[in-house]
Amino acid sequence: MASLRSQSHKGYVAKASLPALPPPLGTRGLVGWLRQNLFYNITNSLMTIVIVLLLWLLISSSSGWFVFDAVVQGSSKQECLQIDSGACWAVIGKRIDQFMFGFYPEAERWRPLICFFLLFVAIGPLLLPSFPARRQMLWFSAFYPVLAGVLLLGGVFGLPPVKTALFGGFMLTLIVGVTGIVASLPLGILLALGRQSRLLAVRTLSIMFIELMRGVPLITLLFVASTMLNYFLPPGTHFDLLLRVLIMVTLFSAAYIAEVIRGGLQAIPAGQYEAAQAIGLDYWQTTRLITLPQALKISIPGIVNTFIGLYKDTTLVIVIGLLDPLGIGRAALADANWNGLSNEIYLFVALFFFVSCFAMSRYSIWLEKRLATEHR
Amino acid sequence: MSYLNSIWRNEQSRGILIQIFVLAGVFALFSWLISNVISNFASLNKGFGFDFLLLPAGYDINQTLIEYTNRSTHLQAAVVGLLNTFLVAAVGVVLATLLGFILGVARLSRNWLVSKLAYIYIEFTRNVPVLLHILLWHGIIVNTMPHPRNALTIGEVLFLTNRGLYVPKPIAETGIWLVWLGFVAALFFSVGFARYARARQHQSGVQLPVFRVNLAICILLPLLAFFAAGQPISLSFPALKGFNFRGGIQLPPEFVALTFALSIYTAAFIGEIVRAGIIAVDKGQREAAEAIGLRPSQVMNEVILPQARRIIIPPLTSQYLNLTKNSSLAIAIGYMDILATLGGITLNQTGREMETMLMVMGIYLIISLLISAFMNWYNSRVRLVGR
């Protein structure tokens, strides 16, 4: 036995563990990625191949129209057609001023431009918690609506007055969109609280208002604003069309906001209300300090979605004759020189809306992640 | 003073006081508005009434589902418009649901290309206003599609031109009742068989191939009746005669553009809803189902979908409602829906803004209240019973 034990193996004995081998070629790098994501079985490989072929066909057949055969210089559709067969982007270049400002007087266009840049200064501290000197800048945000109104309308401080009927283009979209968003949030919060109220009259009225606004299309409300509102006011009252639209858009979107926030309020555990009552807070203190902050946090995705919807719905104002970018585009189409260039014009306007709405939805996702403090 | 103070301090009496103030305020506002309306109407010599509905409308409508001429009444025009709204809504809902479910599943596909394509489609579609979609597609059909003589065609059956889409039209002949009978019988059988299969599964756990059997019955029985009755349905195909197509059904460009645009727009939202619903089903449910040896189709049909459905249906219904309300944008391209007939031409011809708009808004309100009533009923039926 002892001899057996002393008999030592003379083989190779590793002193340190070897470094791990890289995974097989088929599961790493580009090849591995392709295998796992595009070719992991026969059906999927076929699907990938068919899609690539279709994409290639689509791109090769449409890139000519969009880019290679497109014309960017010219003063009418006929001129464009003589140069090349693709899209006639010249119409955008010729009308870009109108697309931006509508019929705002040319000499005064610095005013909406300043408003536009100050808009970012005003919403920056609201949206970004790390904004420099946030507390002081919030005062500017609160003051901004007045400043923008003065700048755009004029009539004081030696600024020549500009009629709202001349407002148009992307400027109009921003005015209607931003005003609607800013004004509808507080109103929506009040309506949501009203719908949850213990007072029967308040609750019934809130429900009736919300259901009425959500039950009809916005376009009918805009019709009411443009054709019928004068009947409801004392004879001889003049009421600016843009202001009527702003009011209607605000009321409409407040009803949707109210429903989103109600969802948030209902999601708060009853214990929160009870605890607030137990430490002696009254209704408004409970709402302001305990329930509303939590409810708003839960409802952020819904609120931003409602805002995006409102922003897109501003295009409906063309039906009652306001000239937002879509209205400017339609006016250009009615011009004999540009007749029939609907694809170019609508695609351009679509690009504008896509960029702004996509940015908003990205912001919402970012905010959601930042505020997700529990349930990790 | 202290007496008033004590009323205000008491929660119950304060509530009553606040409600009285609110009601008085609302009442004052409404009486002010209505008195303004009355004095405005009096100074304009306008009446209020719905007798204009029985006057001849005097305008033509290019797409009518029921008998209508320009000598019909405004009421008939409104009904034609309402039916056109329902038509767009019905076709749009079906198309949007189909496309939306495909998108939702594609978004979750393991294939990177498929899921990214679905993502790009959804983002590009839902971030552009629906009105823009409608105008763009209308423009594409009217400005870019060929003249009837060079129509795009699929197998000489469907023709797409700048005057709309031409499809074959089924014409019923004598004996059609037998086909209908076959169809109804197949429907009854399907429902009965599904119930029987469910009861049997509950008792014994044995699953019958319900879907396949019912599909076969629903196709075979009417088909059998069709041949038994001597083929009582013939198709009228569109054919080019001179400058335009004859025969078949012409779907005007407005209808095609509106339905298509609403469908692809709403489908993007439905896709996201479906995806969220499937993701929301707990991972453990799928794992447990796989662990007890269910087939992939059973995992989907018996475990995942019934739970996802509870999450999907409420937002899905509100998308259907949105689609129906968005169909009122038809007025921008001249499709004659309820808003364009009653709230458009009838309003302009009779000058009855108040009555026509009240009717239009009332109709939309009724539709949406009905749909939300359904949704509430469904929600209470499928709600999980918690503690």
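Residues numbered from 1 in each chain as written. Chains lettered and ligands numbered in written order. Predicted model: local features only at pLDDT ≥ 70, side-chain atom pairs only at ≥ 80, totals over all residues.

Novice: Pulling in residues and values, what's your account of the overall build of chain A?
Specialist: Secondary structure assignment for chain A yields 15 helices and zero strands. The C-alpha atoms of chain A give 30 Å as radius of gyration, which overshoots the globular expectation for 376 residues (21 Å, by more than 25%). Viewed in the frame of its principal axes, chain A has a C-alpha envelope of about 120 × 80 × 45 Å. The buried share of chain A, taken over its 376 residues, is 29%. Partitioning the intrachain contacts of chain A with sequence separation of at least 6 by distance along the chain shows that 64% fall at a separation of at least 24. (Helix = DSSP H or I, 4+ residues; strand = E, 2+ residues; numbered from the N terminus. Rg over C-alpha atoms; globule rule 2.2 N^0.38 Å. Buried ≥ 20, exposed ≤ 12 C-beta atoms within 10 Å, placed from the backbone. Contact = placed C-beta atoms within 7 Å.)

Novice: Please give an account of the overall build of chain B that cites residues and values.
Specialist: Looking only at helices and strands, one finds twelve helices and eight strands in chain B. In terms of overall dimensions, chain B is more spread out than a globule: its C-alpha atoms have a radius of gyration of 28 Å, far above the 21 Å expected for 387 residues. Projected onto its principal axes, the C-alpha positions of chain B cover 80 × 70 × 45 Å. Out of the 387 residues belonging to chain B, those deemed buried represent 31%. Taking the contacts inside chain B whose residues are at least 6 apart along the sequence as the reference set, 66% of them involve residues at least 24 apart.

Novice: Can you lay out the packing of helix α8 (residues 169-195) of chain A against helix α13 (residues 283-313) of chain A for me, pointing to particular residues and giving the numbers?
Specialist: Residues and elements named next belong to chain A. Taken N-terminus to C-terminus, the directions of α8 and α13 make an angle of 140°; their axes are 11 Å apart at the nearest point. Considered as vectors, α8 and α13 are oriented oblique to each other. In the packing of α8 onto α13, the handedness of the crossing is right-handed. Seen from α8, the contacting residues are Gly-177, Gly-180, Ile-181 and Leu-193; seen from α13, they are Thr-287, Phe-307, Leu-310 and Tyr-311. (Axes fitted to C-alpha atoms, helices over the stretch in contact; angles between N-to-C directions. Parallel < 35°, antiparallel > 145°, perpendicular 65-115°, else oblique. Left-handed = near helix turned anticlockwise from the far one by under 90°.)

Novice: Report on the pairing of strand β3 (residues 164-167) of chain B, specifying residues and quantitative values.
Specialist: If a strand is regular, its side chains alternate between the two faces of the sheet. All names here are of chain B. Alignment of strand β2 (residues 158-161) against β3, held across three bridges, turns out to be antiparallel. Opposite Thr-161, over in β3, you have Gly-164 as the bridge partner. Bridge analysis of β3 against strand β8 (residues 249-251) gives three bridges, and the strand direction is antiparallel. Residue pairing for β8: Val-167 is matched across the bridge by Ile-249. (Pairing = 2+ DSSP bridges.)

Novice: I'd like to hear about the domain arrangement of chain B, residue by residue, with values.
Specialist: What the domain assignment reports for chain B is domain 1 (2-44), domain 2 (74-167 + 251-382) and domain 3 (169-236). Placing the centre of domain 1 of chain B and that of domain 3 of chain B at their C-alpha centroids yields a distance of 62 Å. (Domains from an automatic or database assignment.)

Novice: Lay out the interface of chain B and chain A in plain terms, naming residues and giving numbers.
Specialist: Each partner contributes to the interface: chain B provides 47 residues, whereas chain A provides 44 residues. Among the elements of the structure, α2 (11-44), α4 (112-126), α5 (130-144), α11 (338-350) and α12 (353-382) of chain B are those that each provide at least two residues to the side of chain B that touches chain A. A per-element tally of the side of chain B that touches chain A places α2 of chain B first, with twelve residues. Across the side of chain B that touches chain A, the residue classes tally to 29 nonpolar, 14 polar and four charged. (Nonpolar A, V, L, I, M, F, W, Y, C, P; charged D, E, K, R; others polar.)

Novice: Tell me what's going on with the confidence of the model for chain A, and back it up with residues and numbers.
Specialist: Summarising the model, chain A shows a mean pLDDT of 84, and 96% of its residues fall at 70 or more. Taken element by element, the predicted model of chain A shows its lowest mean pLDDT in helix α1 (residues 2-6) of chain A (51) and its highest in α8 of chain A (91). (pLDDT = per-residue confidence, 0-100.)

Novice: A description of the confidence of the model for chain B should follow, citing residues and the corresponding values.
Specialist: Per-chain confidence: chain B averages 85 in pLDDT, with 98% of residues scoring 70 or above. For this predicted complex, the interface confidence reaches an ipTM of 0.85, while the overall pTM sits at 0.85.

Novice: Describe the nonpolar core, naming the residues involved and giving the relevant values.
Specialist: Of all hydrophobic cores here, the largest spans 130 residues; its most connected members are Leu-222 of chain A together with Leu-132, Ile-134, Leu-258 and Ala-261 of chain B. Other than its neighbours up to four places away in sequence, Ile-134 of chain B contacts Ala-257, Leu-258, Ala-261, Leu-329, Ala-332 and Ile-333 of chain B. (Core = buried A, V, L, I, M, F, W, Y, C linked by C-beta atoms within 7 Å.)

Novice: So what's going on with α11 of chain B? Which residues, and what values?
Specialist: Residues and elements named next belong to chain B. With ten of its 13 residues buried, α11 lies for the most part within the structure. Of the residues making up α11, those classed as buried are Ile-338, Leu-339, Ala-340, Thr-341, Leu-342, Gly-343, Gly-344, Ile-345, Thr-346 and Leu-347. Phi for Gly-351, located one or two positions after α11, is positive at around 70°.

Novice: Any chance you could break down the packing of helix α11 (residues 241-267) of chain A against α13 of chain A for me, citing the residues and the numbers?
Specialist: Residues and elements named next belong to chain A. In the contact formed by α11 and α13, the axes pass within 8 Å of each other and the chain directions differ by 145°. Taken as a pair, α11 and α13 cross one another with a handedness that is right-handed. Mapping the contact onto sequence places Val-249, Ser-253, Tyr-256, Ile-257, Val-260, Ile-261, Gly-263, Gly-264, Leu-265 and Ala-267 in α11 and Thr-291, Ala-295, Leu-296, Ile-298, Ser-299, Gly-302, Ile-303, Thr-306 and Leu-310 in α13. For the contact of α11 with α13, the class distribution of residues is twelve nonpolar, seven polar and no charged.

Novice: Can you lay out the domain arrangement of chain A for me, pointing to particular residues and giving the numbers?
Specialist: Domain annotation of chain A identifies domain 1 (25-68) and domain 2 (90-104 + 162-371). A straight line from the C-alpha centre of domain 1 of chain A to that of domain 2 of chain A covers 41 Å.

Novice: Describe the sheet that holds β2 of chain B, listing the residues and the values that go with them.
Specialist: All names here are of chain B. The strand order across the open sheet built from four strands is β1-β2-β3-β8, with neighbouring strands paired in antiparallel fashion. One side of each edge strand has no neighbouring strand; the edge strands of this open sheet are β1 (152-154) and β8. Taken over all neighbouring pairs, the strand axes of this sheet differ in orientation by 20° on average, direction set aside.

Novice: Now, about the environment of Pro-105 of chain A: what can you tell me, with residues and values included?
Specialist: Residue and element names in this part refer to chain A. Structurally, the position occupied by Pro-105 is in the loop between α5 (90-101) and α6 (110-127). Assessed through the 13 C-beta atoms surrounding it within 10 Å, Pro-105 is described here as partly exposed. The spatial distance from the C-alpha of Pro-105 to the C-alpha of Val-162 is 7.8 Å, given a sequence separation of 57 residues. Apart from residues no more than four positions distant in its own chain, Pro-105 is found in contact with Val-162 and Leu-166.

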